[in-house]
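So the chains spell out like this:
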Amino acid sequence: MKSVAITADPSMSSTQKQPWKLAFVFCFLVLLCDGADIGILAFTLSSLKLEFALTNVQAGALGSWSLFGMAIGGFFGGWACDRFGRVRVIVLATGMFSILSGFSGLVQSYEQFVTLRVIACLGLGSLYIATNTLMSEMVPTKHRTTVLAALMTGFTLGSLVITSVSAWIIPSYGWRTLYLLTFLPILLAVSMYFLVPEPQSWKDARALKLSGALDTLKKAENPYKAIMENPKHRIMFILWSMSSGLLLFGYFGVSNWLPSYLETELGIKFKEMALYMAGTYLTMMFAKVVAGFMADKIGRKIVFAFGTMGTALFIPILVYMHTPENIGWLMITFGFLYGIPYAINATYLTESFPTAIRGTAIGGAFNIGRLGSVIAPVAIGYMAMHNSIGAGLLLMAGAYFLCGLIPTLFIKEKQYDPQQA
């Protein structure tokens, strides 16, 4: 089925002619809130340890419980994107994490915090899949990686915002006030529900599926069965599950413990540490835009490999070669390399599956990987007890190297056009 071309009305606004622009603004803001909410745990970890008298392993487990909730949410979110629509999932997920993260500021025990955190992360886990799927199906192919990379700067900007806000709020008002601020994104969810349409390719694919034109999907009521019955889809699913697991193992292991590493093992004061982290996040935003532009020019695979393997090789430099004089420059360089993989991963992954199963496939692959990464924060916490946080970071370097090696050797880029049903 092909959609009929319609001549744009000259009186229409730019966002009406190109609805992806309005969708981009909302998805960017949603990912900003997502990044802030994920980052909030790293900056409140020391406060939570004091409040509830936690060991390093218990503190690390908070990151693992968060990843577990995000993984489960991502599985259901990817399936729901194909079943109910990309925009609807974004709206529901944003409202869900906003409300539950806000109530996390009112808990009275470690167990209450873990429970609310896991449920809130069900919503957080859906947003990466849903926003990138939505945008990949709206943005023209020649600009796709650039736009999706720019979109991912919203996630990093959220980390930067929470860094700045934490440095201001926690010393003066306490960690609970920080969580209470997360009630605000509910306003974003309500606005998006009324203003952003579903992508045309999803509407077309949904119509084909309901009409019976997509026989393989109609026969297989379980979308995962449809993926596994097709040899090509099955191989891509397995490879991306492995690569995603390694990427997220490295990414969340580092992001959960890097602030604590700077503060406790390097002896950097909280506000100064927040400044270093802010510089790292700013560099990550710049790196993502540059990486997206380069990926559209020279290819997704080569840029992804450069970012993952470059990060792997630089982590030992950060751990063993830092001095009080060079730590700022090392953090900036690390931020540039660390930001590249997430800028490319979304486009590379979404172009590996057809529209009718895209949400389920990338949600499944990405979140199988996320389940595999659950042990990363605990692993670093364990190594911190028996060795050092720095030693745990070296484990993350190995994960990054293997993460880049798998797509480099086995995954072809641009296998499907997300704008086609």
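Residues numbered from 1 in each chain as written. Predicted model: local features only at pLDDT ≥ 70, side-chain atom pairs only at ≥ 80, totals over all residues. Heavy atoms only, no water.

The name that an unreviewed UniProt entry assigns to the chain is Sialic acid transporter (Permease) NanT, with the source organism given as Psychrobacter nivimaris. Its UniProt record, at the heading Subcellular location (unreviewed entry), says of the chain: "Membrane". (UniProt positions renumbered as here; feature names shortened; annotations may be inferred.)

Peer 1: Explain the overall build of the chain here, please?
Peer 2: If you tally the helices and strands in the chain, you get 18 helices and zero strands. Computed over the C-alpha atoms, the radius of gyration of the chain is 21 Å, within 12% of the 22 Å expected from 2.2 N^0.38 for a compact globule of 421 residues. Summarising its shape, the C-alpha atoms of the chain cover approximately 65 × 45 × 45 Å along the three principal directions. Expressed as a percentage of contacts within the chain between residues at least 6 apart in sequence, the contacts between residues at least 24 apart total 84%. Of the roughly 16900 Å² of accessible surface on the chain, a fraction of 69% belongs to carbon and sulfur atoms. Between the centroid of the 29 positive side chains of the chain and the centroid of its 20 negative side chains there is a distance of 7 Å. (Helix = DSSP H or I, 4+ residues; strand = E, 2+ residues; numbered from the N terminus. Rg over C-alpha atoms; globule rule 2.2 N^0.38 Å. Contact = heavy atoms within 4.5 Å. Areas by Shrake-Rupley, 256 points an atom, 1.4 Å probe, with all protein chains shown as cover. Lys, Arg positive; Asp, Glu negative; His and termini not counted. Charge placed at Lys NZ, Arg CZ, Asp CG, Glu CD.)

Peer 1: Explanation requested: the packing of helix α3 (residues 56-84) against helix α17 (residues 375-386) in the structure shown.
Peer 2: Two numbers describe a pair of packed helices, the interaxial angle and the distance between the axes. One way to put it is that α3 packs onto α17 with a least axis distance of 7 Å and a crossing angle of 170 degrees. With respect to each other, α3 and α17 are oriented roughly antiparallel. Counted together, Asn56, Val57, Gly60, Ala61, Gly63, Ser64 and Leu67 of α3 and Ile375, Pro377, Val378, Gly381, Tyr382, Ala384 and Met385 of α17 form the full contact between these two elements. (Axes fitted to C-alpha atoms, helices over the stretch in contact; angles between N-to-C directions. Parallel < 35°, antiparallel > 145°, perpendicular 65-115°, else oblique.)

Peer 1: Explanation requested: the packing of helix α15 (residues 327-350) against helix α16 (residues 355-372) in the structure shown.
Peer 2: Where α15 meets α16, the closest approach of the two axes is 10 Å, and the angle between their N-to-C directions is 135 degrees. Here α15 lies oblique to α16, going by the angle between them. When you trace α15 past α16, the crossing you get is right-handed. Taking contact as the criterion, the partners of Tyr342, Asn345, Leu349 and Thr350 in α15 are, on α16, Arg358, Ile362 and Phe366. Residues belonging to the contact of α15 with α16 are distributed by class as follows: four nonpolar, two polar and one charged. (Left-handed = near helix turned anticlockwise from the far one by under 90°. Nonpolar A, V, L, I, M, F, W, Y, C, P; charged D, E, K, R; others polar.)

Peer 1: Would you explain the pattern of salt bridges in this entry?
Peer 2: Opposite charge on two side chains lets them pair, provided their charged atoms get close. Following the criterion strictly, the structure yields ten salt bridges and no others. Asp37 serves as the salt-bridge partner of Arg117, at 2.9 Å between the closest nitrogen and oxygen. Of this pair, Arg117 sits in helix α5 (residues 110-136) while Asp37 sits in helix α2 (residues 20-52), and the two are 80 residues apart along the sequence. Here Arg117 matches Asp37 in class, with each residue buried. In this structure, Arg144 and Glu351 form a salt bridge, with 3.0 Å as the shortest nitrogen-oxygen distance. (Salt bridge = Lys/Arg side-chain N within 4 Å of Asp/Glu carboxyl O. Buried < 20%, exposed > 50% of the residue type's maximum accessible area, 1.4 Å probe, protein only.)

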